[in-house]
Amino acid sequence: MQVLESKLSARRCLTFATGLVECLCFAGAVFGWASLVFVLKADGYFSSLCFNSTGVNDTQILDCSAQDEQFSLIFTIASFMNNFLTLPNGFLYDHFGTTVARLFAIFLYTVGTLMVALSSPALPYLLFPALPFMAVGGILFLISNMQLETCLAHIAPPSSIFTMELLILPQHSSSSL
């Protein structure tokens, strides 16, 4: 009986650890958008929106404010969808279970990632649906991983703030990846 209990404890810790890695890599990757914008600008995304303007003393200045607005709009839409669709995602999770919710999260995140990969300076508008798909898929990963807090019941009581924070902190750190 002791061997079975130790195997179960090791399995629970491994399950929790994989949930942490999943939250670290996928749940909040959309929040690293500010760092990615510099790369996208260097690659020439939305560069057609930049134009030359005359500055002080008749100097030529490249005005890319419309380009910056497009990048800001992409992130605004993704952030809104991330928060707005949390309730429908919770409904999906409650009524159809973990497997369906996680498969839907994998689908959304994969489609979003493929859209980012297929986008180019010639097709920058693929970023508009891509980032919301990644955001909604990522938050669904976090929602479905919340049940993992019971895996550490031997360290902290179930539904404790400690285990929930252990899952949420990697989500906030994932933007650095």
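Going by the structure above, here's the rest.
None of the values given here were measured: they were computed from a predicted structure. The numbering scheme is per chain: residues are counted from 1 as the chain's sequence reads. Since the coordinates come from a predicted model, pLDDT governs what is reported: local features require at least 70, and pairs of side-chain atoms require 80 or more to be given and counted, while whole-chain, interface and lining totals use all residues. In computing side-chain values, all of the structure's heavy atoms are included and hydrogens and water are not.

1. A few points about the overall build of the protein
Moving on, step 1. Secondary structure counts use DSSP, requiring at least four H or I residues in a row for a helix and at least two E residues in a row for a strand, with both numbered from the N terminus. Each helix and strand in the protein was counted, giving six helices and two strands.
Moving on, step 2. Ordered by position from N to C terminus, the α and β elements of the protein give α-α-β-β-α-α-α-α.
Moving on, step 3. Counting every position in the protein, which comprises 177 residues, the buried fraction comes to 36%.
Moving on, step 4. The contact criterion used is simple: two residues touch if any of their non-hydrogen atoms lie within 4.5 Å. Taking the intrachain contacts of the protein between residues at least 6 apart in sequence as the baseline, contacts between residues at least 24 apart amount to 69%.
Moving on, step 5. For accessible areas, the Shrake-Rupley method is used with a probe of radius 1.4 Å. Any residue's cover is judged against the shown protein chains and nothing else. Carbon together with sulfur atoms contributes 69% to the accessible area of the protein, which is approximately 10400 Å² in total. Accessible area is worked out with a 1.4 Å probe on protein chains only. A residue is then buried under 20% of its type maximum, exposed over 50%, and partly exposed in between.

2. So, the environment of Gly 19
Moving on, step 1. Mapped onto the secondary structure, Gly 19 falls in helix α1 (residues 2-27).
Moving on, step 2. Here the alpha-carbon distance between Gly 19 and Leu 142, two residues 123 residues apart in the chain, equals 8.6 Å.

3. Structural notes on the packing of aromatic side chains
Moving on, step 1. Only Phe, Tyr and Trp rings are paired, with Trp represented by its six-membered ring, and only when their centres lie within 6.5 Å; those with planes under 30 degrees apart are stacked, over 60 edge-to-face, the remainder tilted. Considering all chains together, one arrives at eight aromatic pairs under this definition.
Moving on, step 2. A ring pair is formed by Phe 46 and Tyr 125, whose centres lie 5.2 Å apart and whose planes are at 80 degrees; its orientation type is edge-to-face. Taken as a pair, Phe 46 in the loop between α2 (33-43) and β1 (51-54) and Tyr 125 in the loop between α4 (86-118) and α5 (127-145) lie far apart in primary sequence, 79 residues in all.
Moving on, step 3. On the basis of relative accessibility, which here comes to 3%, the residue Phe 46 falls in the buried class.
Moving on, step 4. Aromatic rings pair up to connect Trp 33, Phe 46, Phe 71, Tyr 125 and Phe 128 into one cluster.

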